[in-house]
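Here is how the chains run, residue by residue.
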Amino acid sequence: MLYNSTQNAAEVVSSAQAIAQGISKDGGLFVPQEFPKYDENTFKALLKSDYKGRAKKVFSDFLTDFTNEEIDDCVEKAYTSEKFGSENPAPLAFCNVDGKTLNILELWHGPTCAFKDMALQILPHLLTKSLKKTYDGKVAVILVATSGDTGKAALEGFKDVDNTKIIVFYPVDGVSPMQKHQMNTQEGNNVRVCAIKGNFDDAQTGVKKIFTTADVSNKLAENDMLFSSANSINWGRLLPQIVYYISAYCDMVNSGKIKLGDKINVVVPTGNFGNILASYYASLMGLPINKFICASNSNNVLTDFIKTGVYDKNRQFYTTISPSMDILVSSNLERLLYKLSGNSDTATKGWMTSLKSTGKYEVSDDVKAVIKEKFYGGYCDDTQTKATINKLFEKDNYLCDTHTAVAVNVYEQYVRETGDDTPSVIASTASPYKFSKSVLQAVAPDVKLPDTEFDMVDMLNEITDKEVPAPLSDLKNKAVRFSEVTEVDNMKNYVLGALEIE
Ligand SMILES: *Cc1c(COP(=O)(O)O)cnc(C)c1O
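Reading the values: the criteria
Residues numbered from 1 in each chain as written. Predicted model: local features only at pLDDT ≥ 70, side-chain atom pairs only at ≥ 80, totals over all residues. Heavy atoms only, no water. Near = heavy atom within 4 Å. Polar contact = N/O pair within 3.5 Å; in protein donor to acceptor, adjacent residues only side chain to side chain. Areas by Shrake-Rupley, 256 points an atom, 1.4 Å probe, with all protein chains shown as cover. 1 Å grid on protein atoms, 1.4 Å probe; cavity = no way out; pocket = protein on both sides within 12 Å on 5 of 7 lines; lining within 4 Å. Sits in = over half its atoms within 2 Å of the grid points. Helix = DSSP H or I, 4+ residues; strand = E, 2+ residues; numbered from the N terminus. Contact = heavy atoms within 4.5 Å. Pairing = 2+ DSSP bridges. Axes fitted to C-alpha atoms, helices over the stretch in contact; angles between N-to-C directions. Salt bridge = Lys/Arg side-chain N within 4 Å of Asp/Glu carboxyl O. Buried < 20%, exposed > 50% of the residue type's maximum accessible area, 1.4 Å probe, protein only. Points joined across faces, edges and corners; volume = space filled by probe spheres on them. Nonpolar A, V, L, I, M, F, W, Y, C, P; charged D, E, K, R; others polar. Domains from an automatic or database assignment. Buried area = accessible area lost by both parts, 1.4 Å probe.

1. Considerations on the site of the ligand
Then, number 1: The immediate surroundings of the ligand are formed by 15 residues, with Lys116, Asp149, Gly271, Asn272 and Thr429 found nearest.
Then, number 2: Within the contact set of the ligand, an oxygen atom lies 2.8 Å away from a backbone nitrogen or oxygen of Gly271.
Then, number 3: Starting from 380 Å² of accessible surface for the ligand in isolation, the protein chains cover 98%.
Then, number 4: Judged by the proximity of its atoms to the pocket grid, the ligand belongs to the largest cavity.

Structural data, given as structure tokens:
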């Protein structure tokens, strides 16, 4: 299977190349030229398989330049029960509210307690094998812009991985104290972490710019290095996310919630549009998905886009209690638009160019029509988010984080508006303990908050009796290693300095 750039169909690469490079030279994103099709028999086989087996099947159908041994090795190393707490790294939980069951796909049982682990525990293995195939002997420099969770998950995935170095930028006031502490205490000899004076979009734009600046890449090349990306623009990030939608569907069938062939809806708390795009890609392979419900917080640029076909990032940016979704430029939307425009690189390039120059674009009527038919966009604010956390806890003793609560809230809006009772899978993207302060305020509004993050964790634990994930409780005793804050304009120099190639 080959991949091409969303902005230049003539740029065709292997999957190893797509993963090693991260982003295409023309600034476009790599997409598979076709999607494997799964029929009833394929699904019947997948039903009998465990998560690793399902992952191996999906990976081998997309990464045709990898041997089966290579894929087995990646999957076996990534999804261990030591790292994810059980044999199924992405289990379903069932929460009953007002006589209805919410099917909650818990994607946060990995080492950093957010769904990013599902991809970032395997990406380093995919990347080192891709490098061997394409750029043997070179060191991959992973640049990451993070709204909190990607950074830690990438650091944890790449720490001390041979032939890689990783540099993470995060918005200084845009991540939770727990997220900041997770990153600033990161261990490993090949890691660097730096805060920037700006928001996530500034960090992401800064990283993209460094990626595409010729004198920087030349400097790297002279030193046997090359840039790669662990952001969800990397194909190696998206592919592992397809697996858990297929696996969740199989688990829904196996648990008797649906029959094989029945349609489901998926509900995804969305920021950069990676997670929801993976579910769309799964549907292109034959997974029967009725609606894609795209949930946003007050940064509701996607809600408006799905309703109107106009993407307009010229609006106020809100810092919310679901910080991993505080995003105004959803990078992976580009991949959806490419597909919906009939793989038109010129149309996609046009929209992305317009986004860059004016902060805005409007898609064609054809694309609008498909989006309207398949997608539903909704949003909720912080007050509604907390009310939703409170409700699930009060009604069924289920504790969810702020991002998941946004998804649940928007799903309820969808059901109220449409009456659609198709069984729905709601992606739960983080442990509630990653956002203890907000979750605590939600379940115990009258309690006096303690001063430190870790005391909040303890208090939340006392009130709810839900287990604190070990990776978070262990952080208390770790020393801070990184405390630098830099200007956005200085990101390039920071990178060159960190790599010692100024
Ligand atoms: C990254 C993240 C999201 C957003 O996912 P996208 O793939 O960027 O849309 C939602 N919730 C949490 C907890 C996250 O870490």
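Now that the structure is up, let's keep going.
2. Thoughts on the side chain of Ser322
Then, number 1: Within the secondary structure layout, Ser322 lies in the loop between strand E12 (310-312) and helix H15 (333-340).
Then, number 2: Contact partners of Ser322, with chain neighbours within four places excluded, come to Asn297, Thr402, His403 and Val406.

3. Here we look at the sheet that holds strand E14 (residues 375-379)
Then, number 1: One open sheet accounts for six strands, arranged E4-E5-E15-E10-E11-E14; its pairing is mixed. For this open sheet the edge positions go to strand E4 (92-97) and E14, each flanked by a neighbour on one side alone. Geometrically, the sheet is characterised by an average inter-axis angle of 25° between neighbouring strands, direction not taken into account.
Then, number 2: Here strand E10 (residues 264-269) runs beside strand E15 (residues 424-428); their pairing, made up of three bridges, is parallel. In the sheet register, Asn265 faces E15, and the bridge partner there is Ser424.
Then, number 3: Its contacts with the sheet put helix H13 (residues 274-284) on E10, strand E11 (289-296), E14 and E15, and the angle it makes with E11 is roughly 175°.
Then, number 4: Its contacts with the sheet put helix H14 (residues 301-308) on E11 and E14, and the angle it makes with E14 is roughly 140°.

4. Details of the pattern of salt bridges
Then, number 1: With the rule as written, the count across this model stands at 19 salt bridges.
Then, number 2: The residue Lys57 makes a salt bridge to Asp61 at a minimum N-O spacing of 3.0 Å. You can see Lys57 and its partner Asp61 sitting in helix H3 (residues 51-62), four residues apart, about one turn around the helix.
Then, number 3: Judged by relative accessible area, Lys57 falls into the partly exposed class, the value being 30%.
Then, number 4: Between Lys159 and Glu156 there is a salt bridge whose closest N-O contact spans 2.8 Å.
Then, number 5: Since its relative accessible area comes to 30%, Lys159 is described here as partly exposed.

5. Quick word on empty space enclosed by the protein
Then, number 1: For the structure shown, the criterion picks out three cavities of 30 Å³ or more.
Then, number 2: One number sums up the size of the largest cavity: a volume of about 270 Å³.
Then, number 3: Lining the largest cavity are 26 residues, and of these Phe115, Lys116, Gly271, Asn272 and Ser324 lie nearest its centre.
Then, number 4: Those elements that provide at least two residues to the lining of the largest cavity are helix H8 (149-158), helix H12 (235-254) and H13.
Then, number 5: Ranked by residues supplied to the lining of the largest cavity, first place goes to H13 with three residues.
Then, number 6: Across the lining of the largest cavity, the residue classes break down as nine nonpolar, 14 polar and three charged.
Then, number 7: Space inside the second largest cavity adds up to approximately 90 Å³.

6. Examining the domain arrangement of the protein chain
Then, number 1: By the assigned domains, the protein chain splits into domain 1 (78-115 + 236-330 + 363-432) and domain 2 (435-476).
Then, number 2: Relative placement of domain 1 and domain 2: their C-alpha centres are 24 Å apart.
Then, number 3: Contact residues are listed per partner, giving 18 residues for domain 1 and 14 residues for domain 2.
Then, number 4: Counting each side, the surface lost to burial between domain 1 and domain 2 is near 1300 Å², with a carbon and sulfur contribution of 69%.
Then, number 5: If you look at where domain 1 meets domain 2, you find zero salt bridges.
Then, number 6: At the boundary of domain 1 and domain 2, one finds four residue pairs in polar contact (both at pLDDT 80 or more).
Then, number 7: At the level of secondary structure, the elements contributing two or more residues to the side of domain 1 that touches domain 2 comprise helix H18 (382-396) and helix H19 (402-418).
Then, number 8: For the side of domain 1 that touches domain 2, the element with the most residues is H18, which contributes four residues.
Then, number 9: When the residues that make up the side of domain 1 that touches domain 2 are grouped by side-chain class, the tally is 10 nonpolar, six polar and two charged.

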